[in-house]
Amino acid sequence: MNKIVYPSQSEWSALLTRPDNGLEDLFDTAGKVLDDVQRNGDGAVLKYTRLFDGADLEQMEVTASEIEVACANVPADLKSAILMAKQNIERFHETQRTAQQKVETMPGVMCWQKSVPIEKVGLYIPGGTAPLFSTVLMLGIPAQLAGCNEIVLCTPVGKDGVVNPAILYAASLVGVNRIFKIGGIQAIGAMAYGTETVPAVSKIFGPGNRFVTAAKQLVSLKDVAIDMPAGPSEVLVMADESAVPAFVAADLLSQAEHGVDSQVILVANSEALVANVEQEVEAQLAQLPRQEIAEKALANSRLIILKEVDDMIRLTNQYAPEHLIISMDDAEAIGNRITNAGSIFLGNYSPESAGDYASGTNHTLPTNGYAAAYSGVSLDSFLKKITFQKLSAQGLQKLGPAIETMASAEQLEAHRNAVTVRLQMLKD
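The sections below set out a description of the structure shown in this document.

**A few points about helix α10 (residues 245–256)**
Residue pairs spaced three or four apart in an α-helix point in one direction, given the helix's 3.6 residues per turn. Over its twelve residues, α10 extends 16 Å from the first C-alpha to the last, a length consistent with the 16 Å expected when each residue adds 1.5 Å. Regarding α10, the residues found buried are Val248, Ala249, Asp251, Leu252, Leu253, Ser254, Gln255 and Ala256. The secondary structure elements touched by the buried residues of α10 are β9 (234–239), β10 (263–268), α11 (271–285), α12 (291–298), β12 (323–327) and α15 (352–357).

This is the structure:
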């Protein structure tokens, strides 16, 4: 990791630069695959599954018997852990429901809003270097709570054509039963356009590699909605002398092992703490099975030492991290001053892993600085809002002249006339 001591504010932008994810180079490839899937449906999907995943499939949809076998093969302790996570995620997302409220904005003018589930949604679940069965919970649970009528799940398979059993168990647990053995660009294309086998959806959710990210961005231009722009995973840890170096090192490495293009940043106001964290990172890294991946990610990472807490907060808000861990005295007060972050973890005993798996919050979060403008996935992500208004004759008489004046000022006389003819009739 690169250590920077007391940088000036003019240096922050350069220090906070993310690794180049190279999406521009992928758009041509993704576009060609997407076009092939749109034109040739299942045939193209099967072709790219052979080419990219090395799996020669006879059928793409997972059968009920495959799900049954998979569920039987998941260890009991993992089932218990997944069930606990499911309950916590359900509990947290259930609280996000809002009651319909009618508002009389002026006498005779009534307005209200109704939440309607998105009818057809697609869930993309990574299954390559790390089969993210936890993402099934994070996306499937709010989709079910929202009342989405059709939930389609796509996930890559191994060369043997088998889906990771924990992914199938989690899907079964949350009631998602339309599961397809498709990954990568071809999965995004299948859900965006529909094929002979895969239904088209209205919105696609889920993280993925660079190819999936590029494909999602392309289909979102005109074909289907997506949850958010997404990229490599990242964490920023704010720490002072109250932090435990071993904990901080573990948190940094937990994100570094996601992928070689992940980024981890430590912002601290203690040189002694940073030195201890460096030693812990080295010791813990040597024990990791994904050591090579984490090492490459650490090359894109920073150890930044600042003098003042206020500067630490300003720098953090400028970076807008996907995950933010605050291992500092008065962590909650500091957290209240953060305006740009996907999800915040307070104190020494709140590892980012808790949110990734089982605390109840959603782990599908904005990356690459998008936390400055986007929220993570929530129940609302699976709903659309429809507004209503109802005006009485009295209400139109009171509001109508203002509408006429505004429409005339915009030179939209038909808009004005839609009010004028009604007001005239009320006078007659």
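**Notes on the pattern of salt bridges**
Considering all chains together, one arrives at 16 salt bridges under this definition. Taking the shortest distance from any N to any O, the salt bridge between glutamate 61 and arginine 178 comes out at 2.9 Å. One end of the pair, glutamate 61, is in the loop between α3 (42–53) and α4 (64–73); the other, arginine 178, is in strand β6 (residues 178–180), and 117 residues separate them in sequence. According to the relative accessible area criterion, arginine 178 is partly exposed, its value standing at 26%. A single salt-bridge network, built from bridges that share partners, covers Glu61, Glu150 and Arg178.

**Quick look at the side chain of glutamate 404**
With respect to the helices and strands, the residue glutamate 404 is situated in helix α16 (residues 393–409). Buried charge without a salt bridge: glutamate 404, with arginine 416 as the nearest opposite-charge side chain at an N-O distance of 4.5 Å. Reaching out from glutamate 404, the side chain makes a polar contact with the side chain of threonine 420 at a distance of 2.5 Å. Excluding anything up to four places from it in sequence, glutamate 404 contacts Arg416, Val419, Thr420 and Leu423.

**Let's talk about the packing of α10 against α11**
Between α10 and α11, the shortest axis-to-axis distance is 8 Å and the interhelical angle comes to 55°. By the angle between their directions, the pair α10 and α11 is classed as oblique. Relative to α11, α10 is oriented so that their crossing is right-handed. When α10 is examined against α11, the residues Pro245, Ala246, Val248, Ala249, Ala250, Leu252 and Leu253 are found in contact with a partner set consisting of Leu273, Asn276, Val277, Glu280, Val281, Gln284 and Leu285.

**As for the sheet that holds strand β4 (residues 120–124)**
Judged by pairing direction, the sheet is parallel, and its five strands sit side by side in the order β6-β5-β4-β7-β8 without closing on themselves. Strands at the two margins of the open sheet, each flanked by one partner only, are β6 and β8 (225–226). Pairing between strand β5 (residues 150–154) and β6: three bridges, direction parallel. What sits directly across from leucine 153, in β6, is isoleucine 179.

Conventions adopted
- Residues numbered from 1 in each chain as written.
- Predicted model: local features only at pLDDT ≥ 70, side-chain atom pairs only at ≥ 80, totals over all residues.
- Heavy atoms only, no water.
- Helix = DSSP H or I, 4+ residues; strand = E, 2+ residues; numbered from the N terminus.
- Expected span 1.5 Å × (residues − 1).
- Buried < 20%, exposed > 50% of the residue type's maximum accessible area, 1.4 Å probe, protein only.
- Contact = heavy atoms within 4.5 Å.
- Salt bridge = Lys/Arg side-chain N within 4 Å of Asp/Glu carboxyl O.
- Lys, Arg positive; Asp, Glu negative; His and termini not counted.
- Polar contact = N/O pair within 3.5 Å; in protein donor to acceptor, adjacent residues only side chain to side chain.
- Axes fitted to C-alpha atoms, helices over the stretch in contact; angles between N-to-C directions.
- Parallel < 35°, antiparallel > 145°, perpendicular 65-115°, else oblique.
- Left-handed = near helix turned anticlockwise from the far one by under 90°.
- Pairing = 2+ DSSP bridges.

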